[in-house]
Every structure is written in structure tokens, then in C-alpha cells.
Amino acid sequence: MEHQDQLAVVSRRAPANGATVAVSLGEPSMEPDVWRKDVRRARERIGEGQILIVNVLGTPRHDGDAEALVADYLLCAVWAAESGADAVEVHLAAPDPFSEQPQMIYENLPLAAQILYRVRAGVSVPVLARLGPFKSPRQLHETATKLAPWTSGYVLVPGVHRRVVDEKGNAAFEGSTRARAEIVGADTFPIASRQVLEMLVWRKAGAWDRAVLAVGGITSVERAQWILREGADAALVATAALFDPLLAVRFRQAQATAVA
Ligand SMILES: Cc1cc2nc3c(=O)[nH]c(=O)nc-3n(C[C@H](O)[C@H](O)[C@H](O)COP(=O)(O)O)c2cc1C
């Protein structure tokens, strides 16, 4: 897959840095009873030194207002905590249902702040804010500063939106609403890591002191080590875990060798 500005081209060439995937699923979820059971099962099986972060997203109702969405975020967060989450990650990189122009919830600061505030007050475990890519370093700074009172940390950048075409230039996904899709995995690393570094610079500047959890295109041990050396508090992987499930094991081995 290649990126040119706002375009991603689906190709079958072997990737140099690990897999990149275009995701066009909408926001599906299993029924609450199913995912709560999953969380409990994960809790039972988790190993020593591991933590379980559960990501939650409120569902906008057809006739619902902002308060209904905030209440649904809160309900999911409470369920996640009750089911055994060590931390709740509030997914704010989802479409803002109340905006006329397309934007994400983290770009609607009053709404994002309200969601985090209510979740923070409603659960006793740490609350993390999942943020998407920012249009400018200033917007990133302002968002992090505004949300800091109600979050223990920021998780960024979970993917970028691109128009996705095949090698002939045709839309890769069927359906008029699916021209754009979320790109995750290896090729997002330059964009994602740049934003993580910007976040770390702002933290150093002293406006707030929250954790910074890096995500986005971390597909090798070297990338994980680099972002941690730069100051990130954690390196999270998703796509790599699907295609290269032993990545974390190799990371641990490399760390152990470095210490020995
Ligand atoms: C198959 C798949 C399913 C995902 N499902 C979710 C999801 O349900 N909710 C969510 O917030 N992020 C979801 N993500 C995004 C990941 O949590 C992660 O933020 C993103 O993939 C970027 O990390 P990566 O570049 O290591 O893949 C999913 C990613 C993949 C690959």
C-alpha cells in the first residue's frame, strides 16, 4: 500500500516494513453481554506484568442528543471497569454525529471534554483518551491541555483516513459511503510517530504531565524501541499482532538481552 497525500492504493506487493491494512467496517460491536464476558475472560488469563486496557465507544442513537451519547460512553466505561479493565480507553477518534462538517469527536472539544469528564467521575480505574491525527501541532497542544484534567494519558494515532483505490484507480470498497477508509499498520508510522513526538515535546514544555501511549504502525521491535526511547510510556500494536503475533515476544527478548 502507498500513500500519496490523501490517497491510499491497495496493492499486492510484499510490504517492506510490515502489513498495512485498509479497514472499512463502520463501528460494529458485539452485544454488551458478549464483550463483557470477553473482558472477564481476558482478565482471568492475563499474565503477570500485563495490563488490560479496554477501549470503549458510545453509540449515537438516531434520535439521541449529546447527553444520550455521553451517557452511553459512561455506561460502556462502567461495564468495562466492572468486567476487569485495569484502564478504560475512551475512543474519541470516532465520527462526531452532531457536526455538519465531517469531523471526529476529539475535534469537538466541548463534547470530548464532557465525555471524558463524565467517564472520569464514573469509574475508579485510570481513564485514557484515544485521539486521532491533528491538523496542526497547535491543535494537538490545545486538545491535550484542555482534556488533561480528566485523563491519565493519551493514546495516539490509531489510524488515518484515506480515499482507497485499487491499482487501476477504482474505489477499492463497494458502496458510495465507503470511498474513504481507515488505514492502519506499517505505512501510518511516519504520520503517527510524528504526532507522538509532538505530544512528547508539548509534555516536556510542561503544560501537563499525562502518559503518552504510542500507537500506529509499530510493526517492528526497532520501531517500538525507538518510540519508547523518545519518551513514549508504552508502544501499542494492532496490525502487527495479526500478521506477526510473536513481535511482542521478540521485543521482550531484545529488552532482556540489552539489560543482561
Ligand atoms: C482488525 C482490527 C480491528 C480493530 N478494531 C478496533 C476497534 O474495534 N476499536 C478501536 O478503537 N480500534 C480498533 N482497531 C484499531 C487499533 O486499535 C489500532 O489503534 C490501529 O490499528 C493502529 O495500530 P496499528 O497501526 O498497530 O494497527 C482495530 C484494528 C484492526 C487491525
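Let me begin by describing the structure that accompanies this report. Residue positions are counted from 1 within each chain, in the order its sequence is given. In keeping with the model being predicted, local features are shown solely for residues with a pLDDT of at least 70 and side-chain atom pairs are shown and tallied solely at 80 or more, while totals for entire chains, interfaces and linings include all residues.

## With respect to the overall build of the protein
Labels follow the DSSP assignment, with helices taken as runs of H or I lasting at least four residues and strands as runs of E lasting at least two, numbered in each case from the N terminus. A count of helices and strands for the protein gives eight helices and eleven strands. At 18 Å, the protein has a C-alpha radius of gyration in line with the 18 Å of a compact globule built from 260 residues. Viewed in the frame of its principal axes, the protein has a C-alpha envelope of about 55 × 45 × 40 Å. The buried share of the protein, reckoned over its 260 residues, is 33%. Note on contacts: each residue gets a C-beta atom placed from the backbone, and two residues are in contact if those atoms are within 7 Å. Residue pairs in contact within the protein that sit at least 24 positions apart in sequence constitute 68% of those at least 6 positions apart. The globule rule used for comparison is 2.2 Å times the number of residues to the exponent 0.38, while the radius of gyration itself is calculated over C-alpha atoms. Exposure is read from a count of other C-beta atoms within 10 Å of each residue's own; the residue is exposed at 12 or fewer, buried at 20 or more and partly exposed in between. C-beta atoms are placed from the backbone.

## Considerations on the pairing of strand 6 (residues 127-130)
Both faces of strand 6 are covered, namely the face carrying Val-127 and Ala-129 and the face carrying Leu-128 and Arg-130. Two strands pair when backbone bridges link them, and strand 5 (residues 87-91) and strand 6 are joined in this way by four bridges, in the parallel orientation. Bridge pairing in strand 6 places Val-90 opposite Ala-129. For the crossover from strand 5 across helix 3 (residues 109-122) to strand 6, the handedness is right-handed. In short, DSSP must find at least two bridges between two strands for them to pair. Here, the term right-handed applies to a crossover whose path from the first strand over the helix to the second runs clockwise when the strands point away from the viewer.

## Remarks on the sheet that holds strand 10 (residues 211-215)
By way of backbone hydrogen bonds, the strands of a sheet pair with one another, either parallel or antiparallel. The six strands lie next to each other as 4-5-6-7-10-11, forming an open sheet whose pairing is parallel. Strands with a single pairing partner mark the edges of an open sheet, and in this sheet they are strand 4 (53-56) and strand 11 (234-236). Shown here is a sheet whose adjacent strand axes are inclined to one another by a mean of 25°, direction ignored. The sheet contact formed by strand 7 (residues 153-156) and strand 10 spans four bridges and is parallel. Note that in strand 10 the partner of Leu-156 across the bridge is Ala-214. Axis definition: a line fitted to C-alpha atoms, limited for helices to the stretch in contact. Angles are taken between N-to-C directions and run from 0 to 180 degrees.

## With respect to the packing of helix 4 (residues 137-147) against helix 5 (residues 189-205)
To describe two helices that pack against each other, one gives the angle between their axes and the distance between the axes. Close contact between helix 4 and helix 5 brings their axes to 10 Å; oriented N to C, the two are set at 55°. One way to sum up the angle between helix 4 and helix 5 is to call them oblique. Along this stretch, helix 4 crosses helix 5, giving a crossing that reads as right-handed. Within the contact between the two elements, helix 4 uses Pro-137, Leu-140, His-141 and Ala-144 and helix 5 uses Gln-195, Glu-198, Met-199 and Trp-202. Lys, Arg, Asp and Glu make up the charged group, whereas Ala, Val, Leu, Ile, Met, Phe, Trp, Tyr, Cys and Pro make up the nonpolar group; the residues left over, Gly among them, are polar. Here the residues of the contact of helix 4 with helix 5 are counted per class, giving five nonpolar, two polar and one charged. Angles are sorted into four bins: roughly parallel if under 35 degrees, roughly antiparallel if over 145, roughly perpendicular if 65 to 115, and oblique for all others. Handedness of each helix crossing follows the sense of rotation of the near helix against the far helix: counterclockwise by less than a right angle gives left-handed, clockwise gives right-handed.

## Concerning helix 5
Under the 1.5 Å per step criterion, the end-to-end length of helix 5 is 24 Å for 17 residues, consistent within 8% with the ideal 24 Å. Within the span of helix 5, buried status applies to Phe-189, Ala-192, Ser-193, Gln-195, Val-196, Met-199 and Arg-203. Viewed end-on, helix 5 has its buried residues packed into an arc of 160°, placing them on one side of the element. The exposed residues of helix 5 that point more than 90 degrees off its buried face are Pro-190, Lys-204 and Ala-205. Buried positions along helix 5 lie against helix 4, strand 7, strand 10 and helix 6 (221-229). The span one expects for a helix is its residue count, reduced by one, times 1.5 Å. In this context, the arc is that of the directions from the helix axis out to the C-beta atoms.

## Remarks on the nonpolar core
Core analysis: the largest hydrophobic core is formed by 51 residues, its most contacted members being Ala-77, Val-88, Val-90 and Val-119. At seven residues, helix 2 (residues 66-83) tops the list of elements feeding residues into this core. Not counting residues within four places of it along the chain, the set of residues in contact with Val-88 comprises Val-54, Val-56, Ala-77, Ala-80, Ala-81, Val-119, Val-123, Val-125 and Val-127. In plain words, the nonpolar core is the set of buried Ala, Val, Leu, Ile, Met, Phe, Trp, Tyr and Cys residues that C-beta atoms within 7 Å link up. Counting residues in hydrophobic clusters, the runner-up holds seven residues, among them Val-160, Val-164, Ile-183 and Val-184.

## Some thoughts on the site of the ligand
Taken together, 17 residues lie near the ligand, and Pro-158, Val-184, Val-237, Ala-238 and Thr-239 sit nearest. Partitioning the shell around the ligand into residue classes produces nine nonpolar, eight polar and no charged. In this analysis a residue is considered near a molecule or strand if the C-beta atom, reconstructed from its backbone, is found within 6 Å of that molecule or strand.

## With respect to the environment of Val-9
The topology assignment puts Val-9 in strand 2 (residues 7-9). By C-beta crowding, Val-9 is classed as partly exposed, having 19 other C-beta atoms within 10 Å.

## Notes on the environment of Asp-33
Mapped onto the secondary structure, Asp-33 falls in helix 1 (residues 32-45). In the structure, Asp-33 is positioned 46 residues away from Trp-79 in sequence and 9.6 Å away in space, judged by C-alpha atoms.

## Here we look at helix 3
Taking 1.5 Å as the rise per residue, helix 3 with 14 residues should run 20 Å; its terminal C-alpha atoms sit 20 Å apart, in good agreement. All of the buried residues along helix 3 are Ala-112, Ile-115, Leu-116, Val-119 and Arg-120. Each buried residue of helix 3 sits inside an arc of 130° when the element is viewed along its axis, so together they form one side. Exposed residues pointing more than 90 degrees away from the buried face of helix 3 are listed as Pro-110 and Ala-121.

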